[in-house]
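Each chain, written out:
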Amino acid sequence: TLLIAMRGFGATVTWDGDTSTNWSNGANWVGGNPPGVGDDAVIDGGYTYAPTLDLSGGATTIGSLSLGANNTSLLTVANGDMSTRKLVVTSNATIGVNGVLRHADNSTAETHLLNVEVQRNLAVAAGGKIDVSALGYDKGWGPGAPGSRNGGSYGGRGGYNWNSGGTYSTPYGSYLAPVNIGSGGGI
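If you're wondering where the values come from, they're calculated on a predicted model, not measured in any experiment. (Residues numbered from 1 in each chain as written. Predicted model: local features only at pLDDT ≥ 70, side-chain atom pairs only at ≥ 80, totals over all residues. Heavy atoms only, no water.)

**Student:** I keep staring at the pattern of salt bridges and nothing clicks. Help me out?
**Tutor:** Note that side chains of opposite charge can pair when their charged atoms are close. Following the criterion strictly, the structure yields 2 salt bridges and no others. A salt bridge links Arg85 to Asp81; its shortest N-O distance comes to 3.7 Å. What makes Arg85 partly exposed here is its relative accessible area of 26%. Close ionic contact of Glu117 with Lys86 constitutes a salt bridge, the shortest N to O distance being 2.7 Å. Of this pair, Glu117 sits in strand β10 (residues 116–118) while Lys86 sits in the loop between β6 (73–78) and β7 (87–89); the two residues are 31 residues apart in sequence, bridging distant segments of the chain. Under the relative-accessibility criterion, Glu117 is labelled partly exposed at 28%. (Salt bridge = Lys/Arg side-chain N within 4 Å of Asp/Glu carboxyl O. Buried < 20%, exposed > 50% of the residue type's maximum accessible area, 1.4 Å probe, protein only. Helix = DSSP H or I, 4+ residues; strand = E, 2+ residues; numbered from the N terminus.)

Spelled out as structure tokens, the structure:
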């Protein structure tokens, strides 16, 4: 008897976002199922709701990711951390000219981090972005918050605090290898 095992290839699964922002809801994907291990996830505009991938239950693994190749597209990752709650892409990830990858907005606690493990190649086209601007701590919050009307810090010295006798915001973190969110400016 001869048995031949064939590797199954994943499907291309396209976001249509007609129902909600919930990545895990199959009704938001063409074909009725969210992408799984080996599947190629395509997010390329034309949707009512932009996807949010909630990682509070742990890592999500897909085959590849294509974001915003032709149309304005946004992928938000919520409840990620720097260890186990991450998006794992076992092949290539491409952020096209119209794609934006970000984490959800934080407030007074570091709740949302962006941890994407791409096991082959990551390509970010001119115009494409990994953008977490203004998604750190709220104004006046975080370990580098100045407590006055000046800028917060992360990875270096923050704003000058005239109200506390002329000190700077407390620096923390690394500008070369950031793993935390930035502090909010003064109140």
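On we go.
**Student:** Explain the sheet that holds β6 here, please?
**Tutor:** The strands making up a sheet associate through hydrogen bonds between their backbones, and the pairing can be parallel or antiparallel. One open sheet holds the 4 strands; their spatial order is β3-β6-β9-β12, and the pairing between them is parallel. The sheet terminates laterally at β3 (52–54) and β12 (129–130), the two strands that pair on one side only. Examined bridge by bridge, strand β9 (residues 99–103) and β12 share 2 bridges and lie parallel to one another. Residue pairing across strands places Leu101 opposite Ile130, the latter belonging to β12. (Pairing = 2+ DSSP bridges.)

**Student:** Help me out: how do you make sense of the packing of aromatic side chains in this one?
**Tutor:** In this description, a pair of aromatic rings is defined by centroid distance and the angle of the planes. Counted under the stated rule, the structure contains 2 aromatic pairs. Geometrically, the ring pair formed by Trp15 and Trp29 is edge-to-face, given 5.0 Å between the ring centres and 80° between the ring planes. Remark: Trp29 occurs in the loop between β1 (12–14) and β2 (40–43) and Trp15 occurs in the loop between β1 and β2; sequence separation between them is 14 residues. Judged on exposure class, the residue Trp15 and its partner Trp29 are both buried. A centroid spacing of 5.0 Å and a plane angle of 75° characterise the contact between Trp23 and Trp29, whose relative ring orientation is edge-to-face. Each member of the pair, Trp23 as well as Trp29, is classed as buried. Here the aromatic cluster, defined as three or more aromatic residues joined through ring pairs, consists of Trp15, Trp23 and Trp29. (Phe/Tyr/Trp six-rings, centres within 6.5 Å; stacked < 30°, edge-to-face > 60°.)

**Student:** Looking at this model, I keep getting lost on the sheet that holds β10. Mind explaining?
**Tutor:** Pairing in this open sheet of 3 strands is parallel, and the strands run β4-β7-β10 from one edge to the other. In this open sheet, the two strands that pair with only one neighbour each are β4 (60–62) and β10. Sheet twist, expressed as the mean angle between neighbouring strand axes with direction ignored, is 15°. Summarising the sheet, β4 and β7 pair through 3 bridges and their orientation is parallel. The partner of Thr60 across the bridge, within β7, is Leu87. (Axes fitted to C-alpha atoms, helices over the stretch in contact; angles between N-to-C directions.)

**Student:** How do you make sense of the environment of Asp105 when you look at a structure like this?
**Tutor:** Along the chain, Asp105 turns up in the loop between β9 and β10. With relative accessibility at 47%, the residue Asp105 sits in the partly exposed group. Each C-alpha atom, one on Asp105 and one on Ser133, is 9.5 Å from the other, the two residues being 28 residues apart in sequence.

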